[in-house]
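# Structural description and commentary
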Amino acid sequence: MRRATLIFIFLFIYFFDLSLYANIISVEELEKQINKSGLVIIDIRKTDEFNEAHIPKSVNIPYSQWAPDRNGKRNEIPSLENLQALINKCGISSNSTIIIVGHYENLSEAASVTRVAWTLEYVGLKNFFILDGGFANWLRLKKPVTNELKTTETGDFKISENKHLLVNLDYVEKSINNKLLIDTRGCDAFFGVSKLDFVARAGHIPSALNLPAAWFFTRDWKFKNLRELEEMVTGLIGNNKDREVILYCDTGKIATIGWFVMTKLLGFKNVKIYDGSM
C-alpha cells in the first residue's frame, strides 16, 4: 500500500505539479507561508501597478532596476554596487526565503521573472522561488491584496559574483563548433526570417541549435509538466546533465527561461548565459 502511494505521489509530481519540488511556489503554498520569518516577497511589476494592489508584505523592485540598459545594451547586469543596494533594499539576509512575483501574460513578462531569479543566483542567492502564474494567478484565486506599503529593514546579505553563470563574446566565438550553443529565440529569428530592430544582423550563431523558450509554457503561461520539458530538452541535446550549455537570445533575458528550466527543473549543472547575446 505504501509503495503504491509513493508511486502515485511521484507520478503526480512528474506529470502535473512542478511547484511541489522545484524553485516554483504555488499561490496556496505562499498564502500558508506568508507570515513565515525570513520570507521576502519581491514584486517586480511597475511601481504604479504595485501601488494599486499587491500581495501583503511585498516589496517593490521593478524589473528595470534588475536589468537596466547599460553601455548601449539592453537587459544588462547592474553594477556590483547597485546590485548590493538592491539586495539591501529588499531586506535579504543569508537565511531569507525569496519569492519573485511578476506578470505572466506573455514571453517577455515571463522572462522578466526568470531573469531576476538568474540575477539572484548570480549574486550568490539560491533560496528563491517563482510564484506560479504570477500576480494574476494570485488575483484569479481571490487571495488577499493590499495597497499599503511595507517598511523593510535593510538586508545584510553580502553579494558575491558567480561568474561561471555567464560568458562573453570572446568565449562564445571560441565555443563555435566545439561547445553546445542553444538559441532560445523563436524559429523566425533563428532562421533569419525576422529580427528585432536593435539586432544588427538576422540569423543565428554558427553551430547553434534552436529551442524556443516559448515552447516551455502552456497557453496560460505556466510551465509545462516535467515530462514534456524533459522530452523537449533531452530530445535535442541528450541527457548528459554535466555537459556545458551556452544559452543566448537577443539580449540575455529570454535565455534565462531556458536556464531556469534546465537548471532548476531538470537538473542540468553547467548552463551559462551569453551576456548581451545577439
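Just above, that's the structure.
Overview of the structure. (Residues numbered from 1 in each chain as written. Predicted model: local features only at pLDDT ≥ 70, side-chain atom pairs only at ≥ 80, totals over all residues. Heavy atoms only, no water.)

### What to know about the environment of I100
Here I100 shows up in strand 4 (residues 97-101). For the pair I100 and V40, spaced 60 residues apart in sequence, the C-alpha separation works out to 8.7 Å. Here I100 is in contact with I42, I44, V113, V116, A117, L120, F129, I130 and L131, once residues within four sequence places are set aside. (Helix = DSSP H or I, 4+ residues; strand = E, 2+ residues; numbered from the N terminus. Contact = heavy atoms within 4.5 Å.)

### Some details on the pattern of salt bridges
Close approach of charged atoms allows side chains with opposite charge to pair. What the rule picks out here adds up to 12 salt bridges. Measuring nitrogen to oxygen at the nearest pair gives 3.8 Å for the salt bridge that ties K269 to D242. On the criterion of sequence distance, the pair formed by K269 in the loop between helix 11 (255-265) and strand 10 (271-274) and D242 in the loop between helix 10 (226-237) and strand 9 (245-248) is long-range, its members being 27 residues apart. Its relative accessible area of 66% is what places K269 among the exposed residues. A relative accessible area of 52% means that D242 is categorised as exposed. (Salt bridge = Lys/Arg side-chain N within 4 Å of Asp/Glu carboxyl O. Buried < 20%, exposed > 50% of the residue type's maximum accessible area, 1.4 Å probe, protein only.)

### Considering the packing of aromatic side chains
A full pass over the atoms with the stated rule returns 5 aromatic pairs. A network of ring pairs unites the aromatic residues F217, W221, F223 and F260 as a single cluster. In this arrangement the basic side chain of R45 is found over the ring face of F135, its NZ or CZ atom lying 3.8 Å from the centre. Sitting over the ring of Y63, K253 keeps its end group 4.6 Å from the ring centre. (Phe/Tyr/Trp six-rings, centres within 6.5 Å; stacked < 30°, edge-to-face > 60°. Lys NZ or Arg CZ within 6 Å of the ring centre and 35° of its normal.)

Functional significance is not addressed by these values, which are geometric in nature.
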